[in-house]
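Residue-level structural notes
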Amino acid sequence: MPRRWRRWVGAWRRWSLWMLLVALVVSMLVTLVWLAGRYEASQVQTRLERDTQDAVADIRKAFAQNIQSLQALQAHNPDLASWESRAAELLSARRELARIEWRDTQLRVRAHSETPYRPLHWDPAARSGTHSEIALACSNARRISGPSYSSSYFQPMPDGMGGEMLEVCLPLIDEGRLQGFLVATYALQTVLVDLVAPGLQRTQEVSFTEADGTRLALVGAMRRGSRMFTAQQLFDLPGTTLILRMDSWHTAPSVFPNVLTALVTAMSIALVSVLVVLVRDNRRRLSAERDLGDALAFRKAMEDSLVTGLRARDLHGRITYVNPAFCDMVGFSAAELVGQISPLPYWPPEHAQEYGERQVVRMSGGLHPPREGYESTFMRKDGTRFPVMIYEAPLINAHGLHTGWMGSFLDVSEQRRVEELSRTSQERLQATARLATVGEMASLLSHELNQPLAAISSYANGSLNLLESPGGAPDPHDLDDVRVAVQRIAQQAERAGRVIKSVHDFVRRRDQSRESVAAQDLFDAVLPIIRLQARKLDVRVALDIEEDLPPALCDRTMVEQVLLNLARNAMQAMDDPQIHPRILDLRVRRAASNVARSWLEFSVADMGVGISEDVAARLFTPFYTTRAEGMGLGLSLCRTVVEQHGGFMEHAPRAPRGTVFTFTLPATP
Ligand code: ADP
């Protein structure tokens with residue numbers, strides 16, 4: 001959870017940085033556009049104000065020139081007719097002048113002339129009143145002894161239209177005395193048309209206004225566009241003040257007021273894009289670098305932890321790389337090995353020539369190293385030799401070019417030592433096994449022959465006793481007994497011979513001769529010997545064989561031996577003065593069987609001392625015995641015999657005391 005949270009915080013921080021950057025760029029662009037727009041507007045405004053000033057200056061200059069021209073009319077005391085013709089001349093030259101009058105000191109009109117360009121309707125009454133504009137201008141002109149202008153007024157025209165007029169009154173002074181006045185009338189509209197309009201732009205409109213903004217005369221284009229710029233300039237004349245106003249219309253400014261702004265915008269977009277690409281590229285490169293670093297570290301760790309020596313050589317046999325395991329193996333450092341060429345320092349001098357020749361052949365491509373590797377001998381730095389397995393393969397680079405050879409090396413000295421050890425121990429084992437077989441055979445023979453020999457000895461002693469009767473010649477009845485005893489001796493000797501043979505076969509693990517023998521026959525063969533010992537030990541022998549038993553399929557002699565061994569052990573277990581009665585139970589019955597095979601179960605039960613847990617654990621171990629004269633081979637032999645027949649052997653305590661040994665044998669099908 002905290003890990004995911006940390007990743008989320010990281011992503012959020014990255015994103016917010018990007019947003020900040022974008023916001024910064026956008027706000028910069030907006031500011032730039034706004035500043036550019038403002039700059040452009042201020043440029044337009046300045047130009048307009050300059051134009052207005054120029055227009056006012058033009059009008060002022062023209063008015064001043066007109067004053068001079070008017071004064072020129074009075075030169076050389078003209079008569080009325082010549083004055084009028086000169087005035088008409090002046091009027092046709094200066095279109096802005098509508099009328100010129102020559103008035104006396106009482107402001108009565110002496111002569112006048114009108115513009116030939118527009119017919120005007122002059123009302124003499126309005127022009128002669130003492131309160132008319134002319135009277136006011138002229139009284140002012142007299143006071144200041146110079147030209148004075150009236151306020152503007154509307155003059156209707158015959159066509160029903162009209163125009164705003166402005167009078168200028170010029171006092172005529174000769175030798176310090178007022179002689180009269182010159183009154184000239186300006187048509188304001190024409191002033192604008194003739195003096196200002198030629199320099200006017202299409203988007204501009206110029207007008208004379210009063211202080212309160214009322215338009216008196218106007219020239220210019222129709223209103224277009226949405227943005228309006230206005231400039232006003234005071235146009236003061238002696239006696240009156242007009243305002244010249246200039247309006248300029250502009251179309252709505254474009255988003256990018258000029259090419260520069262567009263360029264800067266494009267550049268910043270390009271810059272941000274390049275930045276994005278760079279950052280992404282950088283991030284990809286970082287991750288690639290990290291992956292490469294990991295891969296390199298992994299490779300290094302792998303090479304260092306390898307127990308196999310690695311060595312690379314170029315096509316000339318020069319060592320280009322060795323790993324730490326190789327250095328450990330030969331005892332030379334990497335610096336001592338890399339760059340070395342034949343003969344290499346770890347070649348034993350006695351083999352150097354052979355190795356050198358072999359290498360030349362291999363490098364020339366004449367001999368391909370075997371896939372399963374080859375064995376060689378190397379020399380450590382301390383001079384000791386050791387065997388190595390070499391697996392070498394061509395080194396192919398990323399472009400598929402054969403650039404050298406890569407070899408892996410295994411120090412096989414330990415392997416060789418183990419092999420040597422195991423070979424000698426194998427030999428020793430075989431010798432021991434042979435000895436063991438001989439020993440086993442000897443032990444078995446001596447063990448198994450004990451019984452027939454003991455029997456023979458007791459029969460022989462018995463016979464001798466009978467023959468050495470005190471009466472001299474033996475009793476004919478005793479002679480019969482002796483005959484029987486001698487027969488038994490012969491039987492036992494034969495039996496001893498059979499024992500020797502079967503033990504011999506047994507030891508050599510030959511196939512036993514299996515025969516079908518009735519349980520009764522088996523007991524018939526061993527009971528005389530058992531009874532012999534039983535009589536000596538005061539044991540009663542009880543035999544119980546189940547009715548209608550199938551005969552057993554077995555090696556007769558060996559099974560008889562098993563029965564003898566078990567019976568003898570049982571009787572020895574009861575050889576204790578405390579134990580009474582002493583009964584040996586011998587039993588045969590059918591054991592659990594299946595369809596394929598039926599089994600017989602033999603049991604030998606005693607009422608002896610029983611088997612302690614300690615003894616039970618080692619019962620079947622060869623040579624384990626608790627008796628001074630015992631050999632400890634009886635039970636181990638019994639079990640081997642039974643198991644060789646496919647049966648099994650076990651023992652269990654018997655109530656109230658004693659032990660039961662049971663074993664199974666296959667029945668004849
Ligand atoms: P040995 O008879 O030569 O001692 P065995 O292998 O026949 O060797 O018997 C091993 C030991 O098992 C005997 O020394 C004895 O202590 C114990 N043993 C065998 N049979 C019996 C038995 N029926 N009752 C008690 N102890 C027995």
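Residues numbered from 1 in each chain as written. Predicted model: local features only at pLDDT ≥ 70, side-chain atom pairs only at ≥ 80, totals over all residues. Heavy atoms only, no water.

Quick look at the sheet that holds strand S17 (residues 540-545) now. Ordered by their spatial adjacency, five strands build an open sheet running S17-S19-S20-S22-S21, and the pairing between neighbours is mixed. Strands at the two margins of the open sheet, each flanked by one partner only, are S17 and strand S21 (649-653). Neighbour-to-neighbour, the strand axes of this sheet turn through a mean angle of 15°, independent of strand direction. Pairing of strand S19 (residues 583-591) with strand S20 (residues 599-605) involves seven bridges; the strand directions are antiparallel. Paired with valine 588 across the bridge in S20 is phenylalanine 602. In the packing of helix H12 (residues 519-537) onto the sheet, the strands contacted are S17, S19 and S20, and the crossing angle to S17 comes to about 170°. Sitting on the sheet, helix H13 (residues 556-573) is in contact with S19, S20, S21 and strand S22 (659-666), with an inclination near 175° to S22. (Pairing = 2+ DSSP bridges. Helix = DSSP H or I, 4+ residues; strand = E, 2+ residues; numbered from the N terminus. Axes fitted to C-alpha atoms, helices over the stretch in contact; angles between N-to-C directions. Contact = heavy atoms within 4.5 Å.)

Right, let's talk about the pattern of salt bridges for a bit. Under the counting rule described, the total for this entry stands at 30 salt bridges. Ionic pairing is found between arginine 423 and glutamate 420, a salt bridge with its closest N-O pair at 2.7 Å. Taken together, the positions of arginine 423 and glutamate 420, both in helix H10 (residues 413-467) and three residues apart, correspond to about one turn of that helix. With a relative accessible area of 42%, arginine 423 lands in the partly exposed category. By relative accessible area, which is 40% here, glutamate 420 ends up partly exposed. (Salt bridge = Lys/Arg side-chain N within 4 Å of Asp/Glu carboxyl O. Buried < 20%, exposed > 50% of the residue type's maximum accessible area, 1.4 Å probe, protein only.)

This next bit is on the site of the ligand. Close to the ligand lie 20 residues; Asn569, Asp606, Thr625, Thr626 and Arg627 are nearest. At 2.8 Å from an oxygen atom of the ligand is found a side-chain nitrogen or oxygen belonging to asparagine 569. A distance of 2.5 Å separates an oxygen atom of the ligand from a polar atom in the side chain of threonine 625. Bound to the protein, the ligand loses 96% of the 540 Å² it would expose on its own. Contributions of two or more residues to the shell around the ligand are made by H13, helix H15 (634-644) and S22. Here the residues of the shell around the ligand sort into nine nonpolar, eight polar and three charged. (Near = heavy atom within 4 Å. Polar contact = N/O pair within 3.5 Å; in protein donor to acceptor, adjacent residues only side chain to side chain. Areas by Shrake-Rupley, 256 points an atom, 1.4 Å probe, with all protein chains shown as cover. Nonpolar A, V, L, I, M, F, W, Y, C, P; charged D, E, K, R; others polar.)

In this section: the pairing of strand S8 (residues 215-220). Both strand S7 (residues 204-209) and S8 contribute to a ladder of five bridges, which runs antiparallel. By the bridge assignment for S8, serine 207 is matched with leucine 218. Between S7 and S8, which pair antiparallel one after the other, the connecting turn spans five residues, and glycine 213 there sits at a positive phi close to 95°.

With that settled, the discussion passes to the packing of aromatic side chains. What the rule picks out here adds up to 14 aromatic pairs. For the pair phenylalanine 208 and phenylalanine 235, a centre-to-centre distance of 6.1 Å together with 25° between the ring planes defines the contact as stacked. Residue phenylalanine 208 is found in strand S7, and its partner phenylalanine 235 is found in strand S9 (residues 227-237); the two are separated by 27 residues along the sequence. Ring-pair connections join several aromatic residues into one group, and the members of that group are Phe63, Tyr149, Tyr186, Phe208 and Phe235. One residue, arginine 95, lies across the ring of tyrosine 117, its end atom 4.9 Å from the ring centre. In this structure, arginine 639 is placed above the aromatic ring of phenylalanine 620, and the distance from its NZ or CZ to the ring centre is 4.5 Å. (Phe/Tyr/Trp six-rings, centres within 6.5 Å; stacked < 30°, edge-to-face > 60°. Lys NZ or Arg CZ within 6 Å of the ring centre and 35° of its normal.)

The subject of this paragraph is the confidence of the model for the chain. Looking at the chain as a whole, the pLDDT averages 85, with 93% of positions reaching at least 70. Here helix H3 (residues 124-128) stands out as the least confident element of the chain, with mean pLDDT 74; S20 is the most confident, with 96. (pLDDT = per-residue confidence, 0-100.)

Let's shift gears to the sheet that holds S7. Here four strands make up an open sheet; going across it, the order is S8-S7-S10-S9 and the pairing antiparallel. This sheet does not close on itself; its edge strands, each paired only once, are S8 and S9. Sheet twist, expressed as the average angle between the axes of neighbouring strands with direction ignored, equals 20°. Contacts from helix H1 (residues 2-73) reach S7, S9 and strand S10 (240-250) within the one sheet, and its direction differs from that of S9 by about 30°.

On to the environment of phenylalanine 602, then. Secondary-structure assignment places phenylalanine 602 in strand S20. Judged by its relative accessible area of 0%, phenylalanine 602 is buried. Separated by 361 residues in the primary sequence, phenylalanine 602 and threonine 241 place their C-alpha atoms 159 Å from one another. Leave out the neighbours within four places in its chain, and phenylalanine 602 touches Ala519, Leu522, Phe523, Leu563, Arg587, Val588, Phe661, Thr662, Phe663 and Leu665.

Membership of the largest hydrophobic core comes to 48 residues, with the highest contact counts inside it found for Ile530, Leu566, Leu584, Phe602 and Phe663. For this core, the secondary structure elements donating two or more residues are H12, strand S18 (552-554), H13, S19, S20, H15 and S22. Those residues in contact with leucine 566 that lie beyond four places of it in its chain are Val604, Leu635, Cys638, Met649, Phe661 and Phe663. The next biggest cluster of nonpolar side chains, apart from the first, holds 45 residues, and it includes Phe63, Leu188, Val206 and Ala217. (Core = buried A, V, L, I, M, F, W, Y, C linked by side-chain atoms within 4.5 Å.)

Bringing the environment of alanine 442 into the picture now. When you line up the elements, alanine 442 lands in helix H10. Alanine 442 sits in the partly exposed class, given a relative accessible area of 44%. Distance from alanine 442 to histidine 504, taken between C-alpha atoms, is 9.5 Å for residues 62 residues apart in sequence.

All right, on to the packing of H1 against helix H5 (residues 188-196) then. Put simply, H1 and H5 touch, their axes get as near as 10 Å, and they point 105° apart. The angle between the axes of H1 and H5 places the two elements in the roughly perpendicular class. Judged by residue contacts, Ala55, Asp58, Ile59, Ala62 and Phe63 of H1 engage Val191, Leu195 and Val196 from H5. Of the residues in the contact of H1 with H5, the class split is seven nonpolar, no polar and one charged. (Parallel < 35°, antiparallel > 145°, perpendicular 65-115°, else oblique.)

Taken together, Arg3, Arg4, Arg6 and Arg7 make up a surface patch of like positive charges. Its location among the elements puts arginine 7 in helix H1. (Patch = residues over 30% accessible without salt bridge, like charges linked within 9 Å, V, L, I, M, F, W, Y side chains within 5 Å. Lys, Arg positive; Asp, Glu negative; His and termini not counted. Charge placed at Lys NZ, Arg CZ, Asp CG, Glu CD.)

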